[in-house]
Amino acid sequence: MNTSIVIADDHPLMLRGLTDFLTSKGYNILGSAEDGNAAYNLIVKLKPQIAILDIRMPYKTGLEIAEACKKNDLPTKVILITFDKEEEVYDQALKFGVFGYILKEFAIEEIENCINQVVNGKPYFSEEIASYLNNSTLENKPETLDLLTKSELKIVKLISENNTSQDIANALSISVRTVDKHRSNIVHKLGLDNKPTSLSIWATLNKKFFN
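Residues numbered from 1 in each chain as written. Predicted model: local features only at pLDDT ≥ 70, side-chain atom pairs only at ≥ 80, totals over all residues. Heavy atoms only, no water.

Before going further, it helps to examine the pattern of salt bridges. For the coordinates displayed, the defined rule picks out 5 salt bridges. In this structure, the salt-bridge partner of Asp9 is Lys104, at a minimum N-O distance of 3.2 Å. Of this pair, Asp9 sits in the loop between strand E1 (4-8) and helix H1 (12-24) while Lys104 sits in the loop between strand E5 (100-103) and helix H5 (107-119), placing them 95 residues apart in sequence. Among the residues examined, Lys104 registers a relative accessible area of 8% and is labelled buried. Its salt-bridge partner being Glu161, residue Lys157 comes within 3.0 Å of it at the nearest N-O pair. On the basis of relative accessible area, Glu161 is assigned to the partly exposed category, the value being 38%. Salt bridges sharing common partners tie together Asp9, Asp54 and Lys104. (Salt bridge = Lys/Arg side-chain N within 4 Å of Asp/Glu carboxyl O. Helix = DSSP H or I, 4+ residues; strand = E, 2+ residues; numbered from the N terminus. Buried < 20%, exposed > 50% of the residue type's maximum accessible area, 1.4 Å probe, protein only.)

Turning our attention to the pairing of E5. Of the two faces of E5, the one carrying Gly100 and Ile102 and the one carrying Tyr101 and Leu103 are both buried. The sheet contact formed by strand E4 (residues 77-82) and E5 spans 4 bridges and is parallel. Paired with Thr82 across the strands is Leu103, a residue of E5. Pairing between E5 and strand E6 (residues 124-125): 2 bridges, direction parallel. Looking at E6, one finds that Gly100 is bridged to Tyr124. (Pairing = 2+ DSSP bridges.)

Rendered as structure tokens:
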């Protein structure tokens, strides 16, 4: 389990709370920072598997750090913790390839589950965020769903339940290659970008339409 982590938050109490909690759970906390510049320098220097970042920090925001990590091909996966529910902030997080997005009020109870998912390459977003965005922006079924074939809809439903391509291949008795081909067709039809997390996030947000 000994996942390497850097944590940054400009609220000392939050920073200490998260650091103590994760240390007690056996995670390897490589370092912590109270501003964005220090956080980014730690990520570049220590290359942790995961960086848990507050969105709003002095010098560099969590989003700006995520953007810099993506631009510089750093292997660290970013998890953002925030009070922000604004759709615009969330959209930016997706654009910069953020792997996890947790609301601060649920940070302690959700962080372990989030880290475990992210370490396995699966994005994790607070249920609260998904339901908030569903209520505010996805009241109607996305028209793009009508473009998908029955097989593609099956695959999207399985993706929304956090299954990997291998899980889906096993469930549908097809090859992983076929699943990946379907995935790329779905991404194309839905007009998503090609980041590995985009389809998973779209599927999670639209989960209620697949049942």
